[in-house]
Amino acid sequence: MLKRFNPWLLTGVLLCLLSGVSWASHPIQLEKATIGTGLGCYGACGHLKVAVTVENLVADKQVVVKYTVDGRSWYTGQAYYQETLDNNQERWFFEVNIPSRQSPVQLAVGMQANGTWYWDNNYGHNFLAKENFQRKPIQFISAERGRGLGCYGLCADFTVHVAVANLGYEKTVQMVYRLADGDQWYESSIGSYVGLLDDRRESWVLYLPYIYPKNRAIEFAVRYQVAGKIYWDNNNGENYLF
């Protein structure tokens, strides 16, 4: 079921979140980033926790979290080793108090090994940390509104980019949406495969050719059907609004 929600289309530096299951062989991936009640501040602040999975390329490595709580000032936090996982992977952990549980935290994770830096930055887009946010089989990446064709500048087209885990050869990726102030929900046409991303997940694009008037807001979620199952990214129970 779709619910209402706000978007988090971000600019600047980095972050990518992943579930406890390793989606791919990328040297570093963010497992989860959660925001809870702060420690030692009597509930007046928030507390950011970040779990990271890294490939054990070398014993001497550095794992960091780059984050901002206001979109302007960036900080670097040093993660620490937590445990060894299967498949030559390790879990690292980072936590810090932040001004508020409502702080708009953007972040990314990096690892330095053998003199090389590796980053998980959501394919060039920042992630917004939320309470209990984890990567799902389908993940909204970005959206853009373009100039519609044949309407003399009065309409717009709309493009959404998503990443999906390759859970089967036969798959369907779609957007479910409604226009601002409307009650009717619609399904987009089936999305188009673009190619493989750095972490071996697949990039797909969804397209709406016509929105009138051009500045009319659109509310949406993305859906992934594969191997008899349906997965959603609906902004953690909220719909994206663009």
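Right above here is the structure, for reference.
These numbers come from a predicted model, not from an experiment.

**Topic: the nonpolar core**
(1) Moving on: Ranked by internal contacts, the top residues of the largest apolar core, which has 22 residues, are V50, V52, V63, V105 and L107.
(2) Moving on: Of all the secondary-structure elements, those providing two or more residues to this core are β1 (28-37), β2 (46-55), β3 (61-68), β6 (89-98) and β7 (106-113).
(3) Moving on: Those residues in contact with V105 that sit more than four places away from it in its chain are I35, L48, Y67, T68, V69, I98, F127, L128 and A129.
(4) Moving on: Counting 20 residues, the second largest nonpolar core, distinct from the first, contains V162, V173, F220 and Y240.

**Focus on the packing of aromatic side chains**
(1) Moving on: Overall, the coordinates contain 13 aromatic pairs when judged by the stated rule.
(2) Moving on: With centroids separated by 5.8 Å and ring planes inclined at 65°, the aromatic side chains of Y80 and F93 adopt a geometry described as edge-to-face. Residue Y80 is located in strand β5 (residues 80-84), and its partner F93 is located in strand β6; the two are separated by 13 residues in the primary sequence.
(3) Moving on: Overall, Y80 belongs to the partly exposed group, its relative accessible area being 40%.
(4) Moving on: Overall, F93 belongs to the buried group, its relative accessible area being 14%.
(5) Moving on: Their ring planes at 15° and their centres at 5.5 Å tell us that W117 and W119 sit as a pair that is stacked.
(6) Moving on: In this structure W119 comes out as partly exposed when scored by relative accessible area, which is 29%.
(7) Moving on: Each residue in the set F140, F158, F220, Y240 and F242 is aromatic and connected to the rest through ring pairs, giving one cluster.

**A short note on the state of the cysteines**
(1) Moving on: A complete count under the given rule lists one disulfide for this structure.
(2) Moving on: A sulfur-sulfur separation of 2.0 Å characterises the disulfide bridge that pairs C41 with C45. Torsion about the S-S bond of the C41 and C45 cystine: about -90°, corresponding to left-handed handedness. Each member of the pair, C41 as well as C45, carries the same accessibility label: buried.

**Quick word on the side chain of D120**
(1) Moving on: Relative to the helices and strands, D120 is located in strand β8 (residues 116-120).
(2) Moving on: The class for D120 is buried, based on a relative accessible area of 4%.
(3) Moving on: For D120, the side chain forms a polar contact with the main-chain nitrogen of L30, separated by 3.0 Å.

**Examining the pattern of salt bridges**
(1) Moving on: Scanning the model with the defined rule gives seven salt bridges in all.
(2) Moving on: A salt bridge links R72 to D70; its shortest N-O distance comes to 3.6 Å.
(3) Moving on: With its nearest N and O atoms 3.4 Å apart, the salt bridge here joins K171 to E202. With K171 in strand β13 (residues 171-179) and E202 in strand β16 (residues 202-211), the pair connects residues that are 31 residues apart, well separated along the chain.
(4) Moving on: One connected set of salt bridges, linked through shared partners, spans E31, E83 and R91.

Conventions used here
- Within each chain, residue numbers correspond to sequence positions counted from 1 in written order.
- Local features are withheld for residues below a pLDDT of 70 in this predicted model, meaning they are given only at 70 or higher, and side-chain atom pairs are given and counted only at 80 or more; totals for whole chains, interfaces and linings count all residues.
- Based on all heavy atoms of the structure, the side-chain values leave hydrogens and waters out of the count.
- Here, nonpolar core refers to any group of buried Ala, Val, Leu, Ile, Met, Phe, Trp, Tyr and Cys residues whose side-chain atoms link them within 4.5 Å.
- We call a residue buried when its accessible area falls under 20% of the maximum for its residue type, exposed when it is over 50%, and partly exposed in between, using a 1.4 Å probe and counting protein chains only.
- Under the DSSP-based scheme used, a helix requires at least four consecutive residues in state H or I and a strand at least two consecutive residues in state E, with every element numbered from the N terminus.
- When checking whether two residues touch, look at their non-hydrogen atoms; a contact exists if any pair is within 4.5 Å.
- Two aromatic rings, drawn from Phe, Tyr or Trp (for Trp, its six-membered ring), form a pair once their centres lie within 6.5 Å of each other, and the interplanar angle then sorts them: stacked below 30 degrees, edge-to-face above 60, tilted otherwise.
- Disulfides are defined as cysteine sulfur pairs within 2.5 Å.
- Any pair of nitrogen or oxygen atoms within 3.5 Å is treated as a polar contact; in protein, a donor-acceptor pairing is required on top of that, and neighbouring residues in sequence qualify only through side-chain atoms on both sides.
- By definition here, a salt bridge exists when the distance from a side-chain nitrogen of Lys or Arg to a carboxyl oxygen of Asp or Glu is within 4 Å.

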